[in-house]
Amino acid sequence: MSRLLLIVVVVAVVFWLFKSYRKRLPKEGVPGEEMPGEEMPGQAEDMVRCVHCGVHLPKRESVLAGGKYYCSEAHRRIHVDKPE
Ligand SMILES: [Zn+2]
């Protein structure tokens, strides 16, 4: 009787392992799918500070004028019109 129970448990464990193994397979095969833990925000990107409002933003999204960074074209214009 207990042997039958052991067989059932072993089959269930093998089935569960097989299921989780198959679940893992498509993620490795499909390119372009997002991999968890791959993104590291703010690590590789240069952050700059808007001279006008002081907000921090990625360098590639900023507006550079006169050696200063701005968060938007509007702030660049405001700052240029009214220098500190
Ligand atoms: Zn700004």
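Below is a summary of the structure that appears in this document. (Residues numbered from 1 in each chain as written. Predicted model: local features only at pLDDT ≥ 70, side-chain atom pairs only at ≥ 80, totals over all residues.)

A closer look at the overall build of the protein
When its secondary structure is counted, the protein shows two helices and four strands. Along the protein, helices (α) and strands (β) appear in the sequence α-β-β-β-β-α when read from the amino end. By the burial criterion, 8% of the 84 residues in the protein qualify as buried. At a minimum sequence separation of 6, the contacts of the protein that also span at least 24 residues come to 10%. (Helix = DSSP H or I, 4+ residues; strand = E, 2+ residues; numbered from the N terminus. Buried ≥ 20, exposed ≤ 12 C-beta atoms within 10 Å, placed from the backbone. Contact = placed C-beta atoms within 7 Å.)

Describing the environment of H52
Among the secondary structure elements, H52 is positioned in the loop between β1 (47–49) and β2 (56–58). H52 gets classed as buried once you count the C-beta atoms within 10 Å, which come to 20. In this structure the C-alpha to C-alpha distance between H52 and A74, which are 22 residues apart in sequence, comes to 10.0 Å. Setting aside chain neighbours within four positions, we find H52 in contact with Y70, H75, I78 and H79.

Comments concerning the environment of C53
For C53, the location among the structural elements is in the loop between β1 and β2. Each C-alpha atom of the pair C53 and C71 lies 8.1 Å from the other, and the pair is 18 residues apart in sequence. Look past the residues within four positions of C53 in its chain and what remains in contact with it is C71 and H75.

Function cannot be read off these values alone, since they describe shape.
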